[in-house]
Amino acid sequence: MALARFAPCPLCNTRLSYLEGVSGSTLTPTCPRCHGVVNVSRATFLMADNSRPSETASSEDVKSMP
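Computed from a predicted model, the values in this text were never measured in an experiment. (Residues numbered from 1 in each chain as written. Predicted model: local features only at pLDDT ≥ 70, side-chain atom pairs only at ≥ 80, totals over all residues. Heavy atoms only, no water.)

Asker: Where do I start with the overall build of the chain in this structure?
Answerer: Along the backbone of the chain there are 0 helices and 3 strands. The proportion of buried residues among the 66 residues of the chain is 23%. Nonlocal contacts in the chain, meaning residues at least 24 apart in sequence, comprise 30% of its contacts between residues at least 6 apart. Summed over its atoms, the accessible surface of the chain is roughly 5000 Å², and 54% of this surface lies on carbon and sulfur atoms. (Helix = DSSP H or I, 4+ residues; strand = E, 2+ residues; numbered from the N terminus. Buried < 20%, exposed > 50% of the residue type's maximum accessible area, 1.4 Å probe, protein only. Contact = heavy atoms within 4.5 Å. Areas by Shrake-Rupley, 256 points an atom, 1.4 Å probe, with all protein chains shown as cover.)

Spelled out as structure tokens, the structure:
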């Protein structure tokens, strides 16, 4: 069974999706931004989490679709 959780990279604080039990999972995944190895307890695949607007973006920066 695949599991997902969302947390920042402990090295560069980039928001990541931690996907456990999916194809390409490894015990030594690397952050897609800083390329540092992230310590995990289960085989994990890391992806940048672009599903939500940046916390630093203002409401004017985030435009809604008409």
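Asker: Help me understand the sheet that holds strand E2 (residues 15–20), please; the structure alone is not making it clear to me.
Answerer: Across a sheet, strands are paired by hydrogen bonds formed along the backbone, either parallel or antiparallel in direction. Sheet architecture is open: 3 strands sit in the order E1-E2-E3, paired in antiparallel fashion. Looking at the sheet topology across the chains shown, the edges are occupied by strand E1 (3–8) and strand E3 (44–48). Each strand axis lies, on average, 25 degrees off the axis of its neighbour in the sheet, ignoring direction. Pairing between E1 and E2: 6 bridges, direction antiparallel. Following the sheet pairing, Leu-3 is matched in E2 by Glu-20. (Pairing = 2+ DSSP bridges. Axes fitted to C-alpha atoms, helices over the stretch in contact; angles between N-to-C directions.)

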